Amino acid sequence: QKEVEQNSGPLSVPEGAIASLNCTYSDRGSQSFFWYRQYSGKSPELIMSIYSNGDKEDGRFTAQLNKASQYVSLLIRDSQPSDSATYLCAVSLSSGSEKLVFGKGMKLTVNP
Amino acid sequence: GAVVSQHPSRVICKSGTSVKIECRSLDFQATTMFWYRQFPKKSLMLMATSNEGSKATYEQGVEKDKFLINHASLTLSTLTVTSAHPEDSSFYICSATPPSGGTDTQYFGPGTRLTVL
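What counts and how
- Sequence order as written defines the numbering, with residues in each chain counted from 1.
- Naming scheme: in the order in which they are written, chains are lettered from A and ligands are numbered from 1.
- It should be noted that, the model being predicted, local features are given only for residues of pLDDT at least 70 and side-chain atom pairs only at 80 or more, the latter also being counted only at that level, while totals for whole chains, interfaces and linings use all residues.
- With hydrogens and water stripped out, all remaining heavy atoms of the structure feed into the side-chain values.
- Strands pair, by our definition, only if DSSP identifies at least two bridges between them.
- The way it works is that DSSP assigns letters per residue, a run of H or I at least four long becomes a helix, a run of E at least two long becomes a strand, and they are numbered from the N terminus.
- To obtain each axis, a line is fitted to C-alpha atoms, and for helices this fit is confined to the stretch in contact; angles are then taken between N-to-C directions over 0 to 180 degrees.
- Only protein chains enter the accessibility calculation, which uses a 1.4 Å probe. A residue is then buried if its area is under 20% of the maximum for its type, exposed if over 50%, and partly exposed in between.
- Contacts described as polar in this section are N or O atom pairs within 3.5 Å, which, within protein, must combine one atom able to donate a hydrogen with one able to accept it, while residues neighboring in sequence count only if both atoms come from side chains.
- Nonpolar cores are built from buried Ala, Val, Leu, Ile, Met, Phe, Trp, Tyr and Cys residues. Side-chain atoms within 4.5 Å join them into one set.
- For this document, the term salt bridge refers to a Lys or Arg side-chain nitrogen within 4 Å of an Asp or Glu carboxyl oxygen.

### With respect to the sheet that holds strand β6 (residues 54-58) of chain A
All names here are of chain A.
- Strands sit in the order β1-β3-β8-β7-β6 across an open sheet of five strands; the sheet is antiparallel. Two strands close off the open sheet at either side, each with one partner strand: β1 (4-6) and β6. On average, adjacent strands in this sheet sit at an angle of 20 degrees to one another, irrespective of strand direction.
- Sheet analysis places β1 next to strand β3 (residues 19-25), joined by three bridges and oriented antiparallel.

Here it is, written out as C-alpha cells:
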C-alpha cells in the first residue's frame, strides 16, 4: 500500500509569515510530486509540481524535493489570509499508472 | 489551458433514483479521467479510472454496478450513481491529465455535490 503522509495540523500562522508544509511518501520509485490547494467546498487546484531534487520557486511558493529522504515540502512566503485553505500533497506511483496518491491534507489558517 | 468542467455542480435527489454527472475536458483530449469522492473534512478517495473506449478500472471496495462510468469520447466521461441512497451523498470530483509533457499532472473539475434525501 503506497502511502503519502502529511502532518495532521491544523497550522496557523500570522499574516506575512512563512508557512511550511511537509509530506513524506513511501514509494521510493515515485517521480512526480504535486501540491494542490483546496478551499472549503471547492475542488483541488494545482499550485506546484516538482520532479527533480532541490527547490522550485513560483512566486511566493517554493516546493522542495528530497528523493533520498522521500520528502517533499511547500513553503509559502509572505502568507496572506487568502492562502487559508487545505493543502494536499500528491505523489505519482512508480508502477507507471497515471494515478496519484494523495495525503490527507493540512489545513492552513493565516491570521490577519 | 487544462480546463475541466463538471455538470451539474449540485444535485438533490430522492433515494432510489439515479444521478448522472458529466466531466468534460474543455481544451484538451483526455484518454484517461479519474473520479474521486470526498466526504466532509476527509481527503480525496479515488473511485475509478475512466479509460476512453474501454472499461473503467475501479478501486478496491467501489461497486462498479453502483457507480457506472462511461468514457465515450476523448473529452467526456460520465459517472452515474445508480439507485442512490443517503450514504452516497458526497462531493464527487473528476480530474483529467493533458496528454502533452509526459507528466502525471491532474487538473480537477469544480466538483458535484450530491445530496440524496
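### Quick notes on the pairing of strand β8 (residues 76-81) of chain B
Residue and element names in this part refer to chain B.
- Of all six residues that make up β8, six are buried, and the element is covered over most of its length.
- Because side chains alternate across β8, one face comprises the buried residues Leu76, Thr78 and Thr80, and the other comprises Ser77, Leu79 and Val81, equally buried.
- Pairing of strand β3 (residues 19-25) with β8 involves six bridges; the strand directions are antiparallel. What sits directly across from Val19, in β8, is Val81.
- Pairing of strand β7 (residues 67-73) with β8, which is carried by five bridges, proceeds in the antiparallel orientation. Bridging across to β8, Ile69 finds its partner in Leu79.
- In textbook terms, the turn of a hairpin is the stretch between consecutive antiparallel strands, and for β7 and β8 this stretch comprises two residues.

### Here's the deal with the side chain of Thr112 of chain B
- Here Thr112 of chain B lies in strand β11 (residues 112-116).
- Within the local environment of Thr112 of chain B, its side chain forms a polar contact with the side chain of Gln6 of chain B, the two groups lying 3.1 Å apart.

### Observations concerning the nonpolar core
- Counting residues in each nonpolar core, the largest one holds 26 residues, and the members touching the most others are Trp35, Val72, Leu74, Ile76 and Tyr87 of chain A.
- Mapped by element, the contributors of at least two residues to this core are β3, β4 (33-38), β5 (45-50), β7 (61-66), β8 (71-76), β9 (85-92) and β11 (106-111) of chain A.
- Of all hydrophobic cores here, the second largest spans 25 residues; its members include Val11, Cys13, Ile21 and Leu114 of chain B.

### Brief notes about the sheet that holds β3 of chain B
Residue and element names in this part refer to chain B.
- Within the open sheet, the four strands sit side by side as β1-β3-β8-β7. Their pairing is antiparallel. This sheet does not close on itself; its edge strands, each paired only once, are β1 (4-7) and β7. Averaged over all adjacent pairs, the angle separating strand axes in this sheet is 15 degrees, with direction ignored.
- One ladder, built from four bridges, connects β1 with β3; its direction is antiparallel.

### Brief notes about the pattern of salt bridges
Residue and element names in this part refer to chain A.
- A full pass over the atoms with the stated rule returns six salt bridges over all chains.
- A salt bridge links Arg60 to Asp83, with the shortest nitrogen-to-oxygen separation between them at 2.8 Å. Of the two residues, Arg60 sits in the loop between β6 and β7 while Asp83 sits in the loop between β8 and β9, which places them 23 residues apart along the sequence.
- Owing to a relative accessible area of 27%, Arg60 belongs among the partly exposed residues under this scheme.
- Assessed through its relative accessible area of 1%, Asp83 is described here as buried.

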